[in-house]
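The chain contents come next:
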Amino acid sequence: MSFSKTAIMDLISLKREGEYWDFKEKYHQNKAKFIHDILCLSNIPSRNDSYLVFGVSDHGEIKGVSNDEGRKTQAMIVDMLRNASFAGGNVPFITIETITLNSKEIDVLIIKNSDNTPFYLEKKYKDGQTCIPAGTIYTRRQDTNTPIDSVASQQEVEYLWRKRFGIDLSPFDRLLHYIEDKDGWESNSVGRYYKQFPEFVFVEDKDSEDRSRYVYYAHNMMNSRHYFMSYQFKYHQTILYEDELIVMDSGRYTTSSPRWEILSIDKEQKIDVSYNYFIDRSPEWLIHKFLLDEKNQEACSAQRRFLELILVFESVQEKEEFDKLIVKNLIYENLDIFCKPKLSGDTAKRTKIINTHDIQVAKFLNAKLRDFRSHKNFKSISVKYGGQ
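Here, residues in each chain are numbered from 1, in the same order as that chain's written sequence. Totals for whole chains, interfaces and linings use every residue, but because this is a predicted model, local features are given only for residues with pLDDT of at least 70 and side-chain atom pairs only at 80 or more, for both listing and counting. To get the side-chain values, all heavy atoms of the structure are used, and hydrogens and water are removed first.

Visitor: How should I be thinking about the sheet that holds strand β13 (residues 238–248) in this particular structure?
Guide: The strands making up a sheet associate through hydrogen bonds between their backbones, and the pairing can be parallel or antiparallel. The 6 strands lie next to each other as β9-β10-β11-β12-β13-β14, forming an open sheet whose pairing is antiparallel. Single-partner strands in this sheet number two, and they are β9 (185–187) and β14 (253–256). Taking each pair of neighbouring strands and ignoring which way they run, the sheet shows an average axis angle of 30 degrees. Residues are treated as being in contact if the distance between any of their heavy atoms lies within 4.5 Å. With axes taken as lines fitted to C-alpha atoms, and helix axes fitted only over the stretch in contact, angles between N-to-C directions fall between 0 and 180 degrees. Under the DSSP-based scheme used, a helix requires at least four consecutive residues in state H or I and a strand at least two consecutive residues in state E, with every element numbered from the N terminus. Strands β9, β10 (191–194), β11 (200–210), β12 (227–235), β13 and β14 of the sheet are contacted by helix α6 (residues 283–291), whose axis makes an angle of about 160 degrees with β14. Across the face of the sheet, helix α7 (residues 297–307) comes into contact with β13 and β14 while running at roughly 45 degrees to β14. One requirement defines pairing of two strands: DSSP has to find at least two bridges between them.

Listed below in structure tokens is the structure:
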């Protein structure tokens, strides 16, 4: 579950704690106890972000933290974690968001989901009489932390290690996990294979080259030459995912094909809005990043020109909200920007007119998406402390 004010309100309304959220009326006075709570929430079995919610009682009563003398900033908590000796240097990634509920401020410590489980200390950490022993692995069972003087069970520890290596997942989810480890792949004559688990392979179907289709975003490159090609990700002989990639800028840049959206905004005048997009964390977006040669400056430059025209949404929900604004005519003063241009001349000239128009629309919508986000952030009651 991703962070939002509504999500935290829903958890508080349950009037109980759970596997990935814990309530605290006040901030910890003891640093060892604070780190223990963070370790437990970092080592949950599910792949959710975890929440340590300050200013709320165990039973969901909102108390607020404005008068809490022990209230801490994100920078203070980050510094506390850095001063603890985490094994392998793997420190949980945290942020703090402050929201207002019932006219009271509460702080939400967000512990980002990570595959670096299990988190534990390689040296003991002591504050007063409270001590976290070196090498001790904690977790959280439903709404209860592993006691600080105890350890997670053998089964729980084994699961956390399986989570680190991605072998707790289905083959498809493992694939998405490995795609993010771009350096873990090795090239061969037909594509690539994942070195740690070579049964996962990426195959380009060079016989599927399609040079007959034209897309406007290829004309934002230094060289508009492009073609499409099919690809597959396989597990042994099973196809886990297949789609098309597009090779652009005369071979300098390769990416997964973005998705299309077409919205009708004026049925009487038959005016439609179309755009290409990715959803962050979707397979297409992960593969887009997987295919980019980050060491190639020409490829990186081509990617920047490509993303000038492609909308990248943070979530499906954000896309749906933005689409509603388009359909309700809330992001533009008139429809002129979307009206199809008048065509004249030979085929080459007509194609250029269409591409120029589509590029203008794409840049317009991308600018409006940035405005949309800025407006949301401006109105948000969330306040982020410090920096990490």
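Visitor: Sorry if this is basic, but what is going on with the packing of helix α5 (residues 171–179) against α6 here?
Guide: When two helices pack together, you describe them by how their axes are tilted relative to each other and by the distance separating the axes. As a packed pair, α5 and α6 sit with axes 9 Å apart at the nearest point and diverge in direction by 35 degrees. For the pair α5 and α6, the crossing hand works out as left-handed. Residues Phe172, Leu176 and Ile179 of α5 pack against Pro283, Leu286, Ile287 and Phe290 of α6. Should the near helix be turned anticlockwise from the far one by less than a right angle, the crossing is left-handed, and should it be turned clockwise, the crossing is right-handed.

Visitor: Got a minute to help me understand the side chain of Glu17 in this structure?
Guide: Within the secondary structure, Glu17 is located in the loop between α1 (5–13) and β1 (21–24). For each residue, the accessible area found with a 1.4 Å probe, counting protein chains only, is set against the maximum for its type, and the residue is called buried under 20%, exposed over 50%, and partly exposed in between. Counting rule for charge: Lys and Arg are taken as positive, Asp and Glu as negative, and neither His nor the chain ends is counted. Salt bridge, as used here: a side-chain nitrogen of Lys or Arg that lies within 4 Å of a carboxyl oxygen of Asp or Glu. Of the side chains with opposite charge, Arg140 lies nearest to the buried Glu17, which makes no salt bridge, at 4.2 Å. A polar side-chain atom of Glu17 sits 2.9 Å from the main-chain amide nitrogen of Phe23. Once residues lying within four places of it in the same chain are set aside, the contact partners of Glu17 are Asp22, Phe23, Asp58, Arg140 and Asp143. A 3.5 Å cut-off defines polar contacts: any pair of N or O atoms within that distance qualifies, except that in protein one atom must be a possible hydrogen donor and the other a possible acceptor, and neighbouring residues in sequence count only when both atoms are side-chain atoms.

Visitor: What is the right way to read the packing of aromatic side chains from this model?
Guide: Any pair of aromatic rings gets described here by the distance separating the centres and the angle formed by the planes. Any two rings among Phe, Tyr and Trp, with Trp reduced to its six-membered ring, count as a pair given centres within 6.5 Å; such a pair is stacked if its planes are under 30 degrees apart, edge-to-face if over 60, and tilted if neither. Inspection of every chain in the model, using the stated rule, returns 32 aromatic pairs. Judged by centre distance (4.9 Å) and plane angle (70 degrees), the ring pair of Tyr20 and Trp21 falls under edge-to-face. You can call Trp21 buried: its relative accessible area is 6%. Taken together, a centroid distance of 6.1 Å and an interplanar angle of 65 degrees make the contact between Tyr277 and Phe313 edge-to-face. In this pair, Tyr277 sits in strand β16 (residues 271–279) while Phe313 sits in strand β17 (residues 311–313), placing the two residues 36 residues apart along the sequence.

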